[in-house]
Amino acid sequence: MGKLTVRALRVVLVVVLAGTVFVQALMVWALATDPEDGSLPLTPLRVITILGMASVQVALVCVWRLVAMVRRGTVFSHAAFRYVDGVIGAIVAAALVWFAVTVINAPGQRDDPGVTVIMGGVGVAILGVALIVLVLRMLLAQAVARDVEAAQMQAELDEVI
């Protein structure tokens, strides 16, 4: 991974992290100062937004750590699994948060249930992303196993020589 790529990715991660913290701060402020007007259940939606931003932040921190491991050349180790699992957990949490938004929004969509169906489909798509990352985790496991095997073979070869 090139230096420019790593720097660009880190800039994106920092900008997104700052944005999520800003949104969380706005939601906490709105919870404390802005009363509900009765048109929407604002308090649950605000709490869900705070939780959703937290799941994004967990994923961002895990990706940051994985990028650091890639730069150091240590990504093919068992330590990387902790961060990949963190990304998977954050994506699943984001899907659950989205399903909660869908449930809260559903009563207002009685005349047009297609919106609720589409929102449910988006939640399933988010879970699909978690499954893709799980497949990538399995590939990482195979790479780590091959790396360990190569290190053992190299040690045996060194003994022979």
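In the block above lies the structure referred to throughout.
About the criteria used
Residues numbered from 1 in each chain as written. Predicted model: local features only at pLDDT ≥ 70, side-chain atom pairs only at ≥ 80, totals over all residues. Heavy atoms only, no water. Phe/Tyr/Trp six-rings, centres within 6.5 Å; stacked < 30°, edge-to-face > 60°. Lys NZ or Arg CZ within 6 Å of the ring centre and 35° of its normal. Salt bridge = Lys/Arg side-chain N within 4 Å of Asp/Glu carboxyl O. Helix = DSSP H or I, 4+ residues; strand = E, 2+ residues; numbered from the N terminus. Buried < 20%, exposed > 50% of the residue type's maximum accessible area, 1.4 Å probe, protein only. Patch = residues over 30% accessible without salt bridge, like charges linked within 9 Å, V, L, I, M, F, W, Y side chains within 5 Å. Areas by Shrake-Rupley, 256 points an atom, 1.4 Å probe, with all protein chains shown as cover. Axes fitted to C-alpha atoms, helices over the stretch in contact; angles between N-to-C directions. Parallel < 35°, antiparallel > 145°, perpendicular 65-115°, else oblique. Left-handed = near helix turned anticlockwise from the far one by under 90°. Nonpolar A, V, L, I, M, F, W, Y, C, P; charged D, E, K, R; others polar.

1. Side note on the packing of aromatic side chains
Aromatic ring pairs are reported here in terms of the distance separating the ring centres and the angle at which the planes meet. All told, the structure shown has 0 aromatic pairs when counted by the stated rule. Across from the ring centre of Trp64, 4.8 Å away, lies the NZ or CZ of Arg10, which sits over that ring.

2. Some remarks on the pattern of salt bridges
Applying the stated criterion across every chain, the model contains 1 salt bridge. In this structure, the salt-bridge partner of Asp85 is Arg137, at a minimum N-O distance of 2.5 Å. In this pair, Asp85 sits in helix 3 (residues 79–105) while Arg137 sits in helix 4 (residues 113–160), placing the two residues 52 residues apart along the sequence. On the basis of relative accessibility, which here comes to 35%, the residue Asp85 falls in the partly exposed class. The partly exposed category is assigned to Arg137, whose relative accessible area is 24%.

3. Some details on a nonpolar patch on the surface
Taken together, the side chains of Ile132, Val135, Leu136 and Leu139 present a nonpolar region at the surface, about 380 Å² in accessible area. Tracing the backbone through its elements, the reader meets Leu136 in helix 4. Taking relative accessible area as the criterion, Leu136 reaches 49% and is therefore assigned partly exposed.

4. A short note on the packing of helix 1 (residues 3–33) against helix 2 (residues 42–72)
Contact geometry for helix 1 and helix 2: axes closest at 9 Å, N-to-C directions at 160°. On the basis of the axis angle, helix 1 is roughly antiparallel to helix 2. Crossing hand, helix 1 versus helix 2: left-handed. For the contact of helix 1 with helix 2, the residue count by class is 22 nonpolar, 5 polar and 4 charged.

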